[in-house]
Every structure is written in structure tokens, then in C-alpha cells.
Amino acid sequence: MVTPPLDREDAEVLVPRQEIAEGPQPMEVSQSEASSTAENHQVEEPASSSFTWAISNFSKLNTKKLYSDIFIVGGYQWRVLIFPRGNNVEYLSMYLDVADSANLPYDWSRYAQFGLSVVNQIHNKYSIRKDTHHQFNERESDWGFTSFMPLTEVNDPSRGFLLNDTLVVEAEVIVKRIIDYWSYDSKKETGYVGLKNQGATCYMNSLLQTLYHIPYFRKAVYHMPTTDNDMPSASIPLALQSLFYKLQYNDSSVTTKELTDSFGWDSYDSFMQHDVQELNRVLCEKLEDKMKRTVVEGTIQQLFEGHHTNYIECINVDYKSNRKESFYDLQLDVKGCQDVYASFDKFVEVEHLEGDNKYHAEQYGLQDAKKGVLFADFPPVLQLQLKRFEYDFMRDAMIKINDRYEFPLQLDLDRDNGKYLSPDADRRIRNLYTLHSVLVHSGGVHGGHYYAFIRPDLSEQWFKFDDERVTKEDMKRAIEEQYGGEEEVIIVTIMSPSFLGFIYQFLSLTLFHFQLPQMNPGFNNTPFKFTKYSNAYMLVYIRESDKDKIMCNADEKDIEEHLRIRLKREQEEKEQQKKEKAEAHLYTIIKVARDKDMKKQIGRDIFFDLVDHDKVHSFRIQKQLPFSVFKGEVAKQFGVPVHFLRFWLWAKRQNNTYRPNRPLSTQEEAQSVGQLREVSNKIQNAELKLFLEVELGLDLHPCPLPDKTKEDILLFFKLYDPEKEELRYVGRLFVKVLGKPADILSKLNEMAGFSPSVQIQLYEEIKFEPNVMCECVDTNVPFDSSQLEDGDIICYQKSFPLGSNDQIRYPDVPSFLEYVRNRQVVHFRLLEKPTEEHFSIELSKLDSYDTVVEKVAYQIGLDDPSKIRLTLHNCYSQQPKPQPIKFRGVDHLSDMLVHLSLSSDILYYEVLDIPLPELQGLKTLKVAFHHATKDEVAIHSIRLPKNSIVADVINDLKTKVDLSHPNADLRLIEVFYHKIYKIFPPDEKIENINDQYWTLRVEEIPEEEKNLGPQDRLIHVYHFMKDSIQNQMIQNFGEPFFMVIREDETLAEVKVRIQKKLQILDEEFSKWKFAFVSTGRPDYLHDSDLISVCFQRRDVYGAWEQYLGLEHSDTYSKKAYSANQNRHTFDKPVRIYN
């Protein structure tokens, strides 16, 4: 579930309660000052509030779900609901819940926009927040995120979400009182309809609305060739034509399912949010390809393509290099730019290549030069992507830039005498643009919500397209309020000064980066500012000189006739379905099963029970119609006289089988269809299921029905052929209650096509859930003694002499049904290639672990099955689970194919170099070896018996690495968050050493550490810098190390040794600062300070908490980062496969 927006632009007035108790408290909130988002929809301004919930002893919670205390917003009671171990997923699940829903009157509802957050207690800017909105009602009294964040991240101490076993959750709720929300009609109110969100497709909806409202683009899509035989789910052009047609002519919101199907997406893609710019590029490239060799070829280029020239011009010689490139959109910097013009200025800014950065010109060698970009031409439709997301090298993470960034209604790119244009640009073209649409992103780097403000006809009236909902908006709302930046809020302080001070201290650490002014706690109406998280992300401008061409008419005559007919037919069918749905309460669906259905389905579609009712003939009958009239319709439909028809009611038995139970009585047939359904259907749905009994004579024509008395039982018969492994339906018979199966053996042989003397074996099919039950029937015991009744099923087969069926896999009915019930085709994938299927094997869910690995080994030609290791499939991530299956760690195949509540047919395998039982007796540690004299780090996997000690690890590693000298001593240390926490004793057992969270490092012990004097000290030395955002908090980075200091050694002397050890150039090293750091507080040192004096303190928890700190920028160990700087941190790139 993702994320309609939280309108952070609205000013908020927070009024806490005066009586303060421990823990989170309810908070009454006054109405905020905000403009209406649609005409006559809101009767009053929204109320808003924030709520914080600190959950202690989080890891010890043993409850499935947990509720917070109640808090009040807008006069309503709310609370936060979490599932600490996930709501059947491996994620923290979190929802907003209506606290008093059980006591509210029938048909209540309330609308709220809200954001839920898990606070990062180490680095608040990395807190995770997700936003959405919902109309709460009695059916949906809670709403939120089942997969809020992975539990692995929640419980990982290095992530900062769980501190002192306390998880901090925040909720921000805005309650809007909406008049008749459910009946709001976008088409009636605005003339436009929205697009339905499939789960996380708001980014796609906003882009599609923008493209649709460029009429020239829409017209081109309508003219893309399609045929009547095309299917929208397999044809992107047809799916897009259908979508645009429905946006233009439908009266209600439109689904995008056909379009995403045509992309080749599955439900996983629809629930994965992507970047709108990325989708725009991929979609336009795909359409450009689809338009080739058609009447609309080149449309994408004509609309969106511009060109810029990259140049390098030497200053002192006559040499210039030009390279012309095309673009469909422009990425403009937001950071450091106040508006679009400033971004264009930065785009064409000249860079001087001089000094060490001189340009190598052909024939002239290294030369001073200037380098830059100028535009050769701009497109008719200018798409500007604002770089709201960028990679922070200091934090090694993506961040969102929420700075204020202005954009004009009219954009003049010829300003200042055409300073953005190259010399060869055509100056006759007037590059004056008018704003057409603003795509907005609301939220943070971890996700959010997209919506669009569009002027469909470039008039003064703007519209907000927010998934299904379209509302009228004014220009201020569409433009100025999407600039981003900060907004001032007034806290009305009616509490004690001490508590107000606590509130201010708390707000200064919250997710919203409040800037709190100096204030006197005794005064009211204290202002503070918070960052607005809803801001423009993409702008679309249309050139004034091309406006008439771009904003052309695109109507029904532009759509091919076959497409118009097809879409109108679909619309008529939809209207018919809508009508039927509205009239459903007046009708009953009657499903009539016949012998013909059983013969067709048994052995093909089904094996158990008698029929799949979804595949039989159905009738839609008015409830008031007499059943006798319905019989006449059935007789006419099937060509059987009415007096030759007998109808049976079906019944669901306690063992979950579904069988014909009894024929309708004369009195029941005299009732209406509606009365009969109510009598026969205890679960009160709209369907009535019947079995139609028709007798056929020798000439296969209908004949009179036999009498049915209490002494008669109707049995159904299936025939099994063990040699062909086939099961089929052969008919039904009435038998006498006191009769014996032996009395009908000759008849059964006749039904099967056997000779009368063939010996046959009978079995009763009793049930198949949760296990198959099929028991042998004694032919000499009366039917009633065998507890056989109407609707029972007898399966029979030829009897085989003992030993004659040894070559048959499933020699009897029970074994065959057991096989059918448990057979499973499993798709195996190599663990190192988790997206590629390698082979498939048909197995049984009852197969043991040994049987499964033996069949896999046989399939790949491996002699030793014990070298096969299997891993389960995660149905949610579509990836292998982190932990493999242990040797004989599960009993059966069925245990391998279940992940939480979902079933899978995928397993991953790997071939080990040693048998799995042997491997499980070993401990594998991943260690990083730091060479003493070379600037290199090598990662090694050490595999040893679990009862080994650290000395064994070191000895094993010595055989794999180059040492500075043969007799070098090594040590194993534990590093976490760039601090050294432990030196492992050589005799410590390795079984409990964790290399998942901690980094294990092996290094040579320097000679100076082996000969410490009585006054020498071994100290920790760490790199650090201060975070300007997080209140100057210290952030460690880089590789920590040990250092020996002498009793009388000054900082100046120590610095010489540090510079030599780290090999830092003088110019850079001169910028470094040095501090004694204890429990996170730096005490800066002077060159004359004695270092040993600082380390005589003992008031710290561990040695790692006091160290010699080297303060400087982290410029030596950056991760390579070549991805698009404007992309979010999404897990999977957007692709269109078809």
C-alpha cells in the first residue's frame, strides 16, 4: 500500500493537554489554515496532530499485535496498531486504527490523511516514513502498511531503529471532514476522470494523465495501427488507446490493469513504486519503437526532443571541439538554486580547464580551455525533471532535497539575449513557454505519493489528478504551494514551562527538522518552521508558438473504426454488468450440473467430487419467477421434455465434500425461485446449485424417470485404469438400501465396457481434504451397512492377480488419488542465478527430504545427493530466503514449499564441495585481512570445525596470505560502526562469533606493541567528522586502528607517526584536527598536549568509547556511484517487457 499524500503545506496549531501523565498522551488540535482542495467538498478546515509512541522491550514482545494509547484528532479517537513480528509477512506491519469503532453507530465513516514513521534514534534523517489516506468505515476501521519495513532492518542494531530495546513510532494525522466522500463524482464536478491505483502505481497515473492531456500525443496514440485481433493485455498501443479513450469518454475512474499487463508486469511490479522520470523515459522509448514504420513515426521526437551542444574551446590557440546531443527531458539542479532560471544558469555555466586539469587538444598538447553546454534548440513540449533526490557521499545514502524552488507560469528561455542558446541556434524561434502541468512528489526517499496539477486547456483553471479523484484547484495551490521549502507553524502553549521545554527539545529531534527560535516558555503563540515534504518533481511546459498545434482536437474521429466499435462494445458490456449488479438483488443465479459436465470434467479438470460448478451452465432468473417456469426454460435450453426432468439439491458435507443430496419435492417446485434459494442455501449467497437428472433410453433419447423412494440410493461411479493412470466418469445408478454391491457388478462391467465375468474392485471416495480417504467396499455387505447414501461416489477398477501389477506406479484407486492429491511440479533454480529456471521435476508433497535431494542429484548427474543444499523461496520478495534448509531440516516436500501463509512451487539449489552434514559441522567466518605494508584488504572465508578456536582461524589464514615476514603474529579483532570493540583471545571458541553484523578483521601485530614499556599505552584511533544536520553529532568512518603512545609524547610527535602510517600528503594532513573523544564528546588537542594524560580516565563503559579522534572529510573510501543521481532508492528498475 502506498501513499496518497499528506498535505504538509497546511499550517498546524498544536494544543497539548494540560494534565500530563507518563507515556504518550491524547492531543487536541485546533483547525489549521488551509485552502479547500475542491469546490463544496469540505465543510471545515482539517484538524491535525502528531503522536509519538515509545515501545519498550520490543524484542521481548510475545503478542501478535499491539495497540498504542488512544489519541484525539478532529474530535475522533485514534490509535496505532503494529504487528511486531509482521502480519504474516517478514516485515513490521503498522496501521492507523479507529479506536472506538466497536461503539460507533451503523454506517459511520471518517476521512484522514496520515503518515506513519519509525524513528531512527541514531540518525534521525534516516527515519522511515510512509504516507497515505483512507476513508475509514465499519468495514475498514484500520488502514496502513502490511510491509512497512523489513524486520531484519528493525532488529539490526547497526540500523539505529531499535535503541535500548525501544522502538519509537510516530503518527501524524490530518482529519478532513468531507461531504459525501463516497458519492463524489469527479466527472460531474470537473469533467475529467481519474485512474485507479493498483497498489503503488500513483507515479504511473500522474504521468499518464500528463501525457493524455497533451492532445497531440493523444492523437498520435489513437493513430497507432492496431487490429481487431489484438488483445489489449498483449499490445501496448491498443492498451494505451483503450486507456485514453476511456479517460476521454468514461463517467468513472479507469483501471490501468490492461496497460500494465501489456507491459508484461505482474502484481509484484504493480506493488513496486518506481520513479516517474524513469517510467517516462522507458515508456517514450518503447512508444518511439512501436511507432516506427507507421503514420505517426517520429511523434515522440517532434514533441519532446531538443538538442544541446557540449563544447570545449581553447583560450590561447584556435581549437574548438563540439558534440551535439539530443534530450527528451532535462535534469535541473534544485540544491543551491532558487528557481528554474538559476538551474539553467548552472546548466550552461562555463568550467575552466587549467592547471592540473588542462585540456589535451589535438596538435596543441595541454591547453587552458573553457568547457560548457549550450542549447541548439528546445522542443515544443519541454519536460523538466527536478533533481529532488541526490546521493549524499558523506552518508553513503540517497536523500531528498526539500528546499524551496520556484518555477514561473511563463518560462522565457530567450532571456538575456539568448544566453542559453548556442551560436548556431535558430534565433527566429521564440522560446517562450507556458506551464502545462506540475507533477508532485509527497514523502521521503523511502517512498511517497505522486499526483499531478494540470491545465488541460492552458486556461487559468487548474485540476488536481490524484489517482481516482480529480478536483478543481486554484493557481496558488498548483504552483506556489509546490515550491517546497519551509512553513511557519504556531504552537499555542497552554502548558507548564518545563513541559514546553521538553516539547521543544523533542521537536528539535523529529523527522521534520524543526528550526526552533529562541523563546520564553511563558509566552503563547511561539512560531517554528517545518520542512514541507510535498513539492514539485517534474514540470511540463508548452511553447507558445506551438500551442495551437500541440493543443489540437483529439476526438472520436481520430480513433479507427474497429477500435471505436470494440471500445463501445466493452463500454456497453460494462454498463450491462453495472446494471446487472444493481439488479442483482432481484435475481438468482442457478447453476445446473448434468452427467455431460461430469464426463467432461472428471479426469481432466477435476479428480475429486463430481463437478466444478463454475464450469457448468448457469441461468440468471428473477427471484419472483415460479420454479415451474424455470423448468420450462431448462427443458427448452437442453431439448428435454419437462416431465423427463428431475432436479436435485447439492449439499456441503461436514468433510467438505459437495454432493447431490436429495431431489426437489413437489411442494418445493411449486415455490418461486427466490423462496427455493432461501430454503436450500444456508450461507445466503445469490446462487442456487442443482443437479439435473435425465434418463436416456437405448436410443439415447430422454425417457421417463424411475421412481425414487426411501429405499433407493443414487450412487455415482468413476472408473480407474491403472495402466493408463486414467480416471473417468462412467455414470450413476439407483441401488436398493438393503441390496449388495455384488448385485450390480455385471452392470458396472457393462458401464465400463468390460465382459460380465471380469473381476472388479470397488472403493468409496470419502474425502480429499486435508488428506485423501478412499476405502475398499465389501461387495457382500449391504449398502446401508457400508453407510452409503445419496450422492456417494464409488470408484472401481479391474482386479489384478497378486504380483501382476509390480510394474504399475499406482496399482489401485487409493494410491492414484493419493498421487493426484499430492503431486507437485517443482521449478528448481540455481542459487547463484535466482531468476532463471534450471529444470522442473514432478514430485509428491509427501516426498521426504532424502527423496527430494536424490531426485535433484539424479536430474543434474550428481553421484552424492548429500552435496545438494536447498533454499526456500520467499513469495513476497520473489527471492531465495536468507537461510538454506539444513540437512534433513524438514520432513517433506510440502514443508519446503510454504512461506508464511503462501504456497510456492520454486526451490533453489546449490552443489557443495563437501557433503552438507559435514559442512553443518563447520563454522564459516568471513574475515578481512589487512596487509601490514601494502594498502590492500583481502576478504577470506575460513571454514573450520565449530569447536575450533581463534588460534585455528589465524593459523589457517596464514596459509592463504602474504605476510610482511614469516614469523609475523596475527590477531583477530571485531569492528562495528568504524570502532574496534574487541581483540579476540587466541583460545576463544569460534562457534559464537558473529560475522553478520560485525566486521572481523585480521592484521599483523606491530613490533612496537609487543614490547610495551610500563608507562606506554595502547590507544584506539578513529576517523570522525561532525554532522551539520544532526546537531554536530560525531560520525565515525574509515578504518580504526591501534597506536602505542609513550608517556611523554606530545600530539606533534604522534601526528608525525600517524601521517607516516596513513601516507597522507602534507597539504591534506594540514587540514586535519585532533581530539580526545570520550563518550561522543570531542576535546580538541594542541600540538604541545601530552596524549597519555588524556587516556588516564577510567569513567567509560568500554575502551572503544575513548579514543584519539582524527577529524577530516571522508574522501578516501567513497563507494562508486554511477547510478542516476535523481533516482530514488527503489529495489528494482522499471522495465516494459513487451
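Calculation criteria
- Residues numbered from 1 in each chain as written.
- Predicted model: local features only at pLDDT ≥ 70, side-chain atom pairs only at ≥ 80, totals over all residues.
- Heavy atoms only, no water.
- Pairing = 2+ DSSP bridges.
- Helix = DSSP H or I, 4+ residues; strand = E, 2+ residues; numbered from the N terminus.
- Axes fitted to C-alpha atoms, helices over the stretch in contact; angles between N-to-C directions.
- Contact = heavy atoms within 4.5 Å.
- Buried < 20%, exposed > 50% of the residue type's maximum accessible area, 1.4 Å probe, protein only.
- Core = buried A, V, L, I, M, F, W, Y, C linked by side-chain atoms within 4.5 Å.
- Phe/Tyr/Trp six-rings, centres within 6.5 Å; stacked < 30°, edge-to-face > 60°.

**Examining the sheet that holds strand β53 (residues 970–976)**
Move 1: Strand order in the open sheet formed by five strands is β52-β51-β55-β53-β54, and the pairing between neighbours is mixed. Strands with a single pairing partner mark the edges of an open sheet, and in this sheet they are β52 (937–945) and β54 (979–983). Averaged over all adjacent pairs, the angle separating strand axes in this sheet is 40°, with direction ignored.
Move 2: As judged from the four bridges shared by strand β51 (residues 922–930) and strand β55 (residues 999–1004), these two strands associate in the parallel manner. Paired with V927 across the bridge in β55 is L1000.
Move 3: Along the sheet, helix α25 (residues 950–958) contacts β51, β52, β53 and β55; its crossing angle with β52, the most-contacted strand, is approximately 125°.

**Some thoughts on helix α3 (residues 202–212)**
Move 1: Within α3, 11 of the 11 residues are buried, leaving the element largely enclosed by the surrounding structure.
Move 2: The complete set of buried residues in α3 reads C202, Y203, M204, N205, S206, L207, L208, Q209, T210, L211 and Y212.

**Structural notes on the nonpolar core**
Move 1: Of all hydrophobic cores here, the largest spans 60 residues; its most connected members are F217, F244 and F304.
Move 2: The element contributing the most residues to this core is helix α5 (residues 236–249), with eight residues.
Move 3: Excluding anything up to four places from it in sequence, F217 contacts L211, F244, L287, I300, L303 and F304.

**Brief notes about the environment of N164**
Move 1: Here N164 shows up in the loop between β11 (162–163) and β12 (166–176).
Move 2: Here N164 falls in the exposed class, since its relative accessible area comes to 72%.
Move 3: Remark: the alpha-carbon pair of N164 and N57, spanning 107 residues in sequence, is separated by 8.1 Å.

**Let's talk about the packing of aromatic side chains**
Move 1: Within this structure, the stated rule accounts for 47 aromatic pairs.
Move 2: Between W78 and F136, the ring centres sit 5.2 Å apart and the planes meet at 70°, which makes this aromatic pair edge-to-face. With W78 in strand β6 (residues 76–83) and F136 in strand β9 (residues 128–137), the pair connects residues that are 58 residues apart, well separated along the chain.
Move 3: Given a relative accessible area of 0%, W78 falls into the buried group.

**What about the sheet that holds strand β19 (residues 369–377)?**
Hydrogen bonding along the main chain pairs the strands of a sheet, whether they run parallel or antiparallel.
Move 1: Within the open sheet, the four strands sit side by side as β14-β13-β19-β16. Their pairing is antiparallel. In this open sheet, the two strands that pair with only one neighbour each are β14 (320–327) and β16 (351–353). The sheet shows a mean angle of 25° between the axes of neighbouring strands, taken without regard to direction.
Move 2: Pairing geometry for strand β13 (residues 306–314) and β19, over eight bridges, is antiparallel. Its bridge partner being in β19, C314 is matched across the sheet by A369.

By themselves, these observations are geometric and do not establish any function.
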